[in-house]
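Notes for the structure review
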Amino acid sequence: MVIALFGATGRAGRLVLERLLARGDHVRALARDPGKLVPHPGLAVVEGDARDVPAVRRAVDGADAIVCCLGMQDIAVPATDFSESVRGIVEAARAAGIRRVVAIASAGVLADARGGLRNQHGLPAAFANIAAEHTRNLRTFEVTLDTTLGLLPRVPADRLLVTESGIAGRADVQRMRAAGVHAFLVGEAAMEQRITRAKAKVAEAGVPPDRAVLGGFSQVRLVPERFPVKSRLHGGWKGTLYNTFFVGTFNALPRPLVRRFGWHLLAFCTR
Ligand SMILES: NC(=O)c1ccc[n+]([C@@H]2O[C@H](COP(=O)([O-])OP(=O)(O)OC[C@H]3O[C@@H](n4cnc5c(N)ncnc54)[C@H](OP(=O)(O)O)[C@@H]3O)[C@@H](O)[C@H]2O)c1
């Protein structure tokens, strides 16, 4: 496949670039400074800024899919450059007839001008700026449950299938249940006061809440993890440093101190 990649020189983008090249994809990366990228036979670089429409068009024309790993210049400074770039990329994708755009978001998405999730969950203040940009991006992207249905046949039968984004009501939940989806991440509909209404919709549609969703599995082991969770993506010295020192130190701290940074509830399931 030919993939147009934005943000290839960044922390997340570099990892995505590595993976795409390793699996044999051809990557066309737009970069402000091509010197930051290591030459590779599968990599073509388009020099330019993500806000520069002709450069974006050059990067996406003829691509099968787009991966966007762009970030902000400086998350401490409120700005809209990132979301403007994403709007330009999506417009270029439409013009080129590309339907697949994969983009990274982050914690605190849907934080609003008043702080939203950031205030409720004690995220650092700088998250508000990036979360606001990601929230603007969500308005640019189209979310469709058809993506879940399209991917279904390729998901191994022993996996717990969670559909994320796009649940607007009872009919959507029923449609996904009928297709064999096990669980739902109710996103925008679950924000603030709407969370109660969204949960009611799921209950109304006959989906058991929380742990009961895991009832179809012969074995379920729930593991509460304090944020952050150990990475299986990073190996070598970086992985050791991250998992041992960063994650390890965090987990060694007293629970009352770190609880406000959030929890992950991991479910290991066997069918
Ligand atoms: N890193 C994480 O742990 C993490 C976790 C969750 C979510 N995310 C999300 O993932 C995304 C990327 O994060 P990151 O940490 O990888 O960010 P990063 O290291 O700051 O990388 C940002 C990338 O975007 C590029 N970029 C920014 N503005 C541009 C512009 N106008 N034109 C062209 N390129 C531009 C940068 O290019 P230059 O090299 O030219 O500056 C760089 O390649 C963000 O949206 C972030 O919220 C990251």
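The coordinates are above.
Structure report, in brief. Numbering of residues starts from 1 in each chain and follows the order in which that chain's sequence is written. Reporting of local features is limited, given that this is a predicted model, to residues whose pLDDT is at least 70; pairs of side-chain atoms are given and counted only at 80 or more, and all residues count toward the totals for whole chains, interfaces and linings.

1. Things to note about the site of the ligand
Quick reminder of the rule: Nearness rests on one distance test: the residue's C-beta atom, set from the backbone, must lie within 6 Å of the molecule or strand. The secondary structure listing takes helices from DSSP runs of H or I that are at least 4 residues long and strands from runs of E that are at least 2 residues long, numbered from the N terminus. Each residue gets one of three labels, nonpolar for Ala, Val, Leu, Ile, Met, Phe, Trp, Tyr, Cys and Pro, charged for Asp, Glu, Lys and Arg, and polar for the others, Gly among them.
Close to the ligand lie 21 residues; Gly10, Ala12, Ala50, Gly71 and Ser106 are nearest. Contributions of two or more residues to the shell around the ligand are made by α1 (11-22) and α3 (81-96). If one sorts the elements of the shell around the ligand by residue count, α1 sits on top with three residues. A breakdown of the residues in the shell around the ligand according to their chemical character gives six nonpolar, eight polar and seven charged.

2. Examining the sheet that holds strand β5 (residues 101-103)
So the rule is basically this: Two strands are said to pair when DSSP picks up at least two bridges between them. In this analysis, axes come from line fits to C-alpha atoms, helices being fitted only over the stretch in contact, and the angle between any two N-to-C directions falls in the range 0 to 180 degrees. Each residue gets a C-beta atom placed from its backbone, and two residues are in contact if those atoms lie within 7 Å.
Spatially, the five strands line up as an open sheet ordered β3-β2-β1-β4-β5, and their pairing is parallel. With partners counted over all chains shown, the strands left at the sheet margins are β3 (43-47) and β5, one partner each. Put simply, the sheet's adjacent strands are angled 20° from each other on average, direction ignored. Alignment of strand β2 (residues 26-31) against β3, held across five bridges, turns out to be parallel. Residue pairing for β3: Ala31 is matched across the bridge by Glu47. Contacts from α1 reach β1 (2-6), β2, β3 and β4 (65-68), with the element oriented near 170° to β1. Along the sheet face, α3 touches β1, β4 and β5 and points at about 175° away from the line of β4.

3. Here's the deal with α1
To be explicit about the condition: Given the number of residues in a helix, its expected span is that number minus one, multiplied by 1.5 Å. Here exposure depends only on C-beta density: within 10 Å of a residue's C-beta, 20 or more other C-beta atoms make it buried, 12 or fewer make it exposed, and intermediate numbers make it partly exposed, the C-beta atoms being placed from the backbone. Taken from the helix axis, the directions to the C-beta atoms give the arc we talk about.
In a regular helix each residue adds 1.5 Å, so 12 residues correspond to 16 Å; α1 covers 17 Å between its end C-alpha atoms and thus fits that length. Where α1 is concerned, the buried positions are Gly13, Val16, Leu17 and Leu20. Along α1, the residues classed as buried sweep out an arc of 105° about the axis, all on the same side. With respect to the buried face of α1, the exposed residues turned more than 90 degrees away are Arg11, Arg19 and Ala22. At the exit of α1 stands Gly24, carrying a positive phi of roughly 90°.

4. A short note on the pairing of β2
Rules: Call a crossover right-handed when, viewed with both strands pointing away from you, the route from the first strand across the helix to the second goes clockwise.
Of all six residues making up β2, five are buried, and the element is well covered by its neighbours. Pairing analysis gives five bridges linking β1 to β2, with the strands arranged parallel. Bridge pairing links Val2 to His26 in β2. This β-α-β element, β1 to α1 to β2, shows right-handed connectivity.

Read these as layout, nothing more, since geometry by itself doesn't imply function.
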